[in-house]
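What follows is the residue order along each chain.
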Amino acid sequence: MARTGIRRIGFGILLLVLAGVAVAGMQWKNLNARYAGYKLRTATTDDARREAARKLVDAGDAGTHYLTEAFLGSDVERCSAIASVLRERLKELPPTDPRLATLCRPHIHSFADYSEVGQEAAFTLVPDCLRCSDADTLPRCREIVRQALQHRSADVRVQAIQLTMRQELNQKADVVACLQAPEADVRRAAMLAVGPASTGSAVIGDEDLFPWLNDADLQVQMLCEAALSTRGLELEQIAAARKLTSPDASERLKLLIDLRSNRDAIRDPGPWLERLSRDADPAVRAGAARVAYECKLSFASWLDRLAVDDPDETVRQIVRFHRTRAAELKQANYGGD
């Protein structure tokens, strides 16, 4: 009995010693992480920042607080150093390694709270984070991409646009608004993403792409033309679309001349005339009615709309005049038969 008691006491002492060692080890790890965090905050060179960041990444959970804290701040060099080190570590890890999730999880969950500078740096982690096996990784990454598409930095928006084309994200519909971006490089990236024909349903219609044929950036114009070509539009149709959406009314009036005189190139002028009937310039709307008469088109509902509802009285009179001429011509032809 005495020996059993001694053994129990010895086992208890051993447990206490092991617990003490574990606590001491944890405290030592926390102290090292705290010191590395201090070194990261006070570093004055890129090498020093990266070295401190490596120690924090290697510290595991003990270093996570200091990494996320940096992304909450506005120090560009510090955020860049951390992101660079994290990318290095993540690329080394296979999807099945639990360390991948451990490194990704804090930044996926905290991205919305990061500063603009922090988000710009942390967003570069998303491609590697997509390999994480956590169930909520994909929906969280989709939300991060949506946020990045509205980021102040054009570079971040371009990166986000490129990510939307990944099959697992499939977020092209979120890109359409980026076609209106003031930065040409963002518009180019957006046109590459949503413009060309794809196997799935298009997120933007052919006619909705027409305005970018007159974009201020020549590369955007070329990309739009190429995209419309993949959708089956011929060169003559693309040229007509460029005139249709030109900000210069004289170009839109030239399209009326083309529709009347170049029937071989544009065999069905009806849809183009209907679009021109909605033009902001009264002269273009009135011209659409005249060309419809000269092309002997059947007068459709859009001409009735112009004759009754057009805000310009002169346009209404011109449309009614051509509609009367068309009716008289039809009557004369009928009588001749």
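Residues numbered from 1 in each chain as written. Predicted model: local features only at pLDDT ≥ 70, side-chain atom pairs only at ≥ 80, totals over all residues. Heavy atoms only, no water.

A.B. asks: In this structure, what is going on with the nonpolar core? I would like to understand it.
C.D. replies: Here is a general trend for soluble globular proteins: nonpolar side chains tend to be buried in one another's company. Within the largest apolar cluster, 90 residues are counted, with the highest numbers of intra-cluster contacts made by Phe71, Phe123 and Ile161. Setting aside its immediate chain neighbours within four residues, Phe71 contacts Cys79, Ile82, Ala83, Leu86, His107, Tyr114, Ser115, Gly118, Ala121 and Ala122. (Core = buried A, V, L, I, M, F, W, Y, C linked by side-chain atoms within 4.5 Å. Buried < 20%, exposed > 50% of the residue type's maximum accessible area, 1.4 Å probe, protein only. Contact = heavy atoms within 4.5 Å.)

A.B. asks: I keep staring at helix α9 (residues 154–164) and nothing clicks. Help me out?
C.D. replies: Within α9, eight of the 11 residues are buried, leaving the element largely enclosed by the surrounding structure. Buried residues along α9 sit against α6 (116–122), α7 (126–129), α8 (137–148) and α10 (184–194). Taking the backbone nitrogen of Asp155 as reference, a side-chain oxygen 3.3 Å away marks Ser153 as the first, capping residue of α9. (Helix = DSSP H or I, 4+ residues; strand = E, 2+ residues; numbered from the N terminus. Polar contact = N/O pair within 3.5 Å; in protein donor to acceptor, adjacent residues only side chain to side chain.)

A.B. asks: Help me out: how do you make sense of the environment of Val220 in this one?
C.D. replies: Residue placement: Val220 occurs in helix α12 (residues 218–230). In sequence terms Val220 and Arg187 are 33 residues apart; their C-alpha atoms lie 6.8 Å from each other. Leave out the neighbours within four places in its chain, and Val220 touches Ala184, Arg187, Arg188, Trp212 and Asp215.

A.B. asks: Please clarify how empty space enclosed by the protein should be interpreted in this entry.
C.D. replies: Which parts of space are left empty comes out when a probe the size of a water molecule is rolled across the atoms. What the rule picks out here adds up to two cavities of 30 Å³ or more. The volume enclosed by the largest cavity comes to roughly 60 Å³. Every residue lining the largest cavity is listed: Leu56, Val57, Gly60, Thr64, Leu67, Leu86, Thr102, Leu103, Pro106 and His107. Elements with a minimum of two residues in the lining of the largest cavity: α2 (46–58), α3 (61–72) and α5 (98–110). Among the elements that take part in the lining of the largest cavity, α5 stands out by supplying four residues, more than any other. (1 Å grid on protein atoms, 1.4 Å probe; cavity = no way out; pocket = protein on both sides within 12 Å on 5 of 7 lines; lining within 4 Å. Points joined across faces, edges and corners; volume = space filled by probe spheres on them.)

A.B. asks: Got a minute to help me understand the packing of aromatic side chains in this structure?
C.D. replies: Aromatic ring pairs are defined here through the distance separating the ring centres and the angle between the ring planes. Scanning all chains against the criterion turns up five aromatic pairs. Both rings, one in Phe210 and one in Trp272, keep their centres 6.0 Å apart while their planes meet at 10°; by these two values the pair is stacked. Residue Phe210 is found in the loop between α11 (206–209) and α12, and its partner Trp272 is found in helix α15 (residues 270–276); the two are separated by 62 residues along the sequence. Residues Phe210 and Trp272 agree in their burial class; the two are buried. Cation over ring: Arg275 sits above Trp272, and NZ or CZ is 4.5 Å from the ring centre. (Phe/Tyr/Trp six-rings, centres within 6.5 Å; stacked < 30°, edge-to-face > 60°. Lys NZ or Arg CZ within 6 Å of the ring centre and 35° of its normal.)

A.B. asks: Explanation requested: the side chain of Gln221 in the structure shown.
C.D. replies: One can find Gln221 in helix α12. Not counting the four nearest positions on each side in its chain, Gln221 is found in contact with Trp212, Leu213, Asn214, Asp215 and Arg242.

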